[in-house]
Amino acid sequence: IMSSTERKERHRRKKREEKRHHQKQQRPSSSKRSSSRRSHPATERTPKVTKAPSFPPWKAILLSLAVVEVIRYEIKSLPIVYNTLRGSAPKKSENNDGPAESRRKLSINLGGGNCEWTKPNYNVPETIDFHKTIIAGFPSGDKRMIFLQMEALTGWPAKDEWDFEHLGITNHPFIKANYPHHEGIWGWGDVADQVVMMIRNIRRSMVEYHDILWDIGYAKTWEQANEHLGNLYTEAPPLEDFYAWRDKRVLDECNWYGWFIDYWMEGGLMRDIFTHKITTPEHWEMLMQPTIFTRAELQYDRVVGDKVVTESYDPHCINGDVSGGCKPIAVISAEKLRDFNDGPEETAFIANVLKNDNRIGKYVIAPEAWNCIWKELIQRGKGLPTVYQRPGFVEDDYNFSREMLEEMVKELDRLIGKYGGSAWNSKPTANRIVKLLKVHLALIQRELGDVISGRRKLTSKDFLGPEERRRLQVKEKEETGNSTAAWKDKENKDSTEYFNDLEHKAQAAKRKKRRDARVKERVDKRREARKLEQNRTRVEDDASPVKDGETRALVANKTKVEDGVSQVKHDESHKTDIDMPKRKRMMQ
């Protein structure tokens with residue numbers, strides 16, 4: 001007999017089973033469902049599609065044209081991509097072959113005679129075997145123009161002779177040198193392989209020589225010159241400074257000019273500066289120190305006299321310090337390099353000199369870019385500043401006396417006669433020297449004619465020399481009946497005080513620099529001492545809790561020990577007191 005609750009539960013289960021059975025009979029099979037869907041496509045569920053907005057055709061055309069123009073502009077802004085699409089992409093440069101350490105920043109050949117100048121790689125690896133070139137020339141600003149060409153053509157930098165001497169020997173492939181002039185030094189040891197010589201108009205060389213000295217504050221040491229390197233070619237010196245220097249130096253420097261050329265052309269043969277005679281090694285050593293000996297002490301007749309002199313050569317040249325010898329393999333013209341007609345040809349001449357040896361020739365940019373390199377450096381003024389970027393006076397602003405110009409003509413005549421003679425006229429370097437000096441000689445002779453005729457006026461402020469000054473005094477006296485004191489004042493003017501002032505200023509600047517360095521050193525030491533003291537105090541503070549704990553423990557242990565010792569002593573004393581009567585009895 002079921003209870004009412006059980007009957008209700010049984011009724012519910014029966015109803016649920018009947019319902020499930022009915023639903024199962026009403027549900028079609030999977031094949032029936034698929035066929036039903038295929039047979040009734042209208043009942044299929046389709047995705048909702050959003051209708052695209054209307055876009056007028058003229059807008060689509062404008063958008064397409066804009067996209068094409070943007071792409072074309074972007075491609076042209078990338079020269080290599082542009083040339084690639086035009087079928088004239090630059091070839092892979094040789095300098096990218098080989099180990100990564102030998103790669104450098106090369107001026108980029110864009111093809112079709114186009115290029116892009118880039119700075120050389122100033123971090124020169126020591127592992128590359130370069131064929132190294134000395135760029136020798138009388139002191140002036142034109143050697144810089146030549147080594148800038150070499151840097152742009154190869155991507156490797158030049159280094160000055162004095163930097164080799166004071167900063168150490170490095171692997172720079174191009175060496176700028178004034179040696180054996182007294183402004184130079186053989187600082188590069190035995191690392192050079194060949195020499196090229198720069199020739200510049202003797203008149204212009206004197207101006208540039210002084211201007212560079214003025215830029216560096218008439219420095220007498222490498223350290224002093226280094227302090228003023230940033231002043232090079234930034235402004236024109238006052239003419240008064242030029243006059244003062246020229247009054248002291250220019251006549252002698254005319255002899256140094258020709259002596260310099262003889263030294264390199266003859267492979268280091270020792271000659272006297274002022275007579276150009278072959279001299280002795282002892283006299284040569286004196287000539288190499290002109291700041292120690294006076295002109296009178298260096299006179300050939302005084303030092304050498306009637307001695308029989310045999311040919312002697314600079315030890316640097318006979319000991320193999322230049323592997324290819326001291327005689328230049330090429331003569332480069334500063335004037336031609338600057339000339340807008342002959343300049344590209346001179347750049348090509350420099351490039352071919354470098355390509356003579358594959359150790360440096362493999363880095364030279366392709367010939368189609370040489371003309372562009374010249375334009376980048378000369379026309380557009382890329383790279384370091386040069387003498388041609390100096391503002392201020394032009395060459396005609398500087399006057400030379402008849403005596404000075406005659407000395408220049410005399411020296412050029414000597415050089416032309418020597419290197420145009422039968423002993424030399426078969427050598428390409430000698431022929432080029434003669435060709436260049438003849439052009440210079442013609443210009444100076446024309447100026448000398450203007451001075452003699454009066455077309456070029458000289459005043460008492462110009463460099464005159466004793467003979468020219470005497471002639472002008474006589475002429476003025478004949479014309480006016482009186483000779484002004486200006487000539488006498490100029491003749492007797494002593495420039496020693498002027499140059500002493502310059503040296504005092506340089507020394508004062510040097511002392512100030514040293515004083516500032518000492519003050520800075522003391523301040524740095526004090527600051528470092530304070531830091532050390534602070535660090536020590538911090539460490540002690542960090543360690544103090546531990547030390548305090550250790551101290552308390554030690555004190556506690558010491559107290560315990562002392563208490564223990566005192567207790568033992570007390571016990572022994574007490575024991576002794578107790579035993580005293582017994583001992584007495586025993587004694588009795």
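Note that the coordinates shown come from a computational prediction; the quantities given were computed from them, not determined experimentally.

Q: Tell me about the sheet that holds strand β6 (residues 194-199), and please be specific about residues and values.
A: The strand order across the open sheet formed by 5 strands is β4-β5-β3-β6-β7, and the pairing between neighbours is parallel. Of all strands in the sheet, those bounded by a partner on one side alone are β4 (158-160) and β7 (330-333). Strand after strand, the sheet turns through a mean of 25° between neighbouring axes, direction not considered. Pairing of strand β3 (residues 133-137) with β6 involves 5 bridges; the strand directions are parallel. The residue of β6 that forms the bridge with Gly137 is Met198. Contacts from helix α9 (residues 239-265) reach β3 and β6, with the element oriented near 155° to β6. In the packing of helix α18 (residues 428-453) onto the sheet, the strands contacted are β6 and β7, and the crossing angle to β7 comes to about 20°.

Q: Just give me the short version of empty space enclosed by the protein, but keep the residues and values in it.
A: Applying the stated criterion across every chain, the model contains 1 cavity of 30 Å³ or more. Approximately 40 Å³ is the volume attributed to the largest cavity. Phe138, Met198, Ile199, Arg200, Ser205, Tyr257, Phe260 and Ile261 are the residues that line the largest cavity. Looking at the lining of the largest cavity, the elements that each hand over two or more residues are β6 and α9. Top element by residues in the lining of the largest cavity is α9. It accounts for 3 residues. Residue classes in the lining of the largest cavity are distributed as 6 nonpolar, 1 polar and 1 charged.

Q: Go over the pairing of β7, please, and point to the residues and values.
A: Burial of β7 is two-sided: the residues Ala330 and Ile332 facing one way and the residues Val331 and Ser333 facing the other way are all buried. Where β6 meets β7, 4 bridges bridge the pair, whose relative direction is parallel. The residue of β7 that forms the bridge with Ile199 is Ser333.

Q: Explain the packing of aromatic side chains residue by residue, including any values.
A: Taken as a whole, this structure holds 18 aromatic pairs when the rule is applied. Here Phe242 and Tyr243 contribute two aromatic rings whose centre-to-centre distance is 6.3 Å and whose plane-to-plane angle is 55°, an arrangement assigned as tilted. Tyr243 carries the same exposure label as Phe242, and that label is buried. On the basis of an interplanar angle of 75° and a centroid distance of 4.8 Å, the ring pair of Phe242 and Tyr398 is categorised as edge-to-face.

Q: Go over the state of the cysteines, please, and point to the residues and values.
A: Here a disulfide denotes one covalent bond, and it connects the sulfur atoms of two cysteines. In total, this model carries 2 disulfides according to the counting rule given. Residue pairing for Cys115: its cysteine sulfur links by disulfide to Cys372, the two sulfurs lying 2.0 Å apart. Taking the sign of the torsion about the S-S bond as the criterion, the disulfide between Cys115 and Cys372, at about -85°, is left-handed. A residue pair is termed long-range when its members are at least 10 positions apart, and Cys115 in strand β2 (residues 114-116) and Cys372 in helix α16 (residues 370-379) qualify at 257 residues. Each member of the pair, Cys115 as well as Cys372, carries the same accessibility label: buried. Disulfide pairing places Cys317 opposite Cys326 at an S-S distance of 2.0 Å. Here Cys317 and Cys326 share a disulfide; its torsion about the S-S bond, -100°, makes the bridge left-handed.

Q: Give a detailed account of the pattern of salt bridges, specifying residues and quantitative values.
A: Two side chains carrying opposite charge are able to pair once their charged atoms lie near each other. Evaluation of the coordinates by the stated rule reveals 26 salt bridges. Of the charged contacts in the structure, one is a salt bridge between Glu447 and Arg203, with a shortest N-O distance of 2.6 Å. Taken together, the residues span a long stretch of sequence, with Glu447 in helix α18 and Arg203 in helix α7 (residues 202-215) at a distance of 244 residues. With a shortest N-O distance of 2.5 Å, Arg536 and Glu533 are connected by a salt bridge.

Q: Which residues make up the nonpolar core, and what are the values?
A: With 65 residues, the main nonpolar core has Ile134, Trp188, Met197, Tyr257, Ile261, Trp264 and Met408 as its most contacted residues. If you list the elements that add at least two residues to this core, you get β3, β5 (174-177), β6, α7, α9, α10 (281-287), α17 (402-419) and α18. Broken down by element, this core gets its largest block of residues, 14 residues, from α9. Those residues in contact with Ile134 that lie beyond four places of it in its chain are Ile175, Ala177, Trp188, Ala192, Gln194, Val195, Val196 and Val322. Formed by 37 residues, the second largest nonpolar core is a distinct cluster that contains Ile135, Ile332, Leu354 and Ile373.

Thresholds applied
- Residues numbered from 1 in each chain as written.
- Predicted model: local features only at pLDDT ≥ 70, side-chain atom pairs only at ≥ 80, totals over all residues.
- Heavy atoms only, no water.
- Pairing = 2+ DSSP bridges.
- Helix = DSSP H or I, 4+ residues; strand = E, 2+ residues; numbered from the N terminus.
- Axes fitted to C-alpha atoms, helices over the stretch in contact; angles between N-to-C directions.
- Contact = heavy atoms within 4.5 Å.
- 1 Å grid on protein atoms, 1.4 Å probe; cavity = no way out; pocket = protein on both sides within 12 Å on 5 of 7 lines; lining within 4 Å.
- Points joined across faces, edges and corners; volume = space filled by probe spheres on them.
- Nonpolar A, V, L, I, M, F, W, Y, C, P; charged D, E, K, R; others polar.
- Buried < 20%, exposed > 50% of the residue type's maximum accessible area, 1.4 Å probe, protein only.
- Phe/Tyr/Trp six-rings, centres within 6.5 Å; stacked < 30°, edge-to-face > 60°.
- Disulfide = S-S within 2.5 Å.
- Salt bridge = Lys/Arg side-chain N within 4 Å of Asp/Glu carboxyl O.
- Core = buried A, V, L, I, M, F, W, Y, C linked by side-chain atoms within 4.5 Å.

Distances and angles like these do not, on their own, reveal function.
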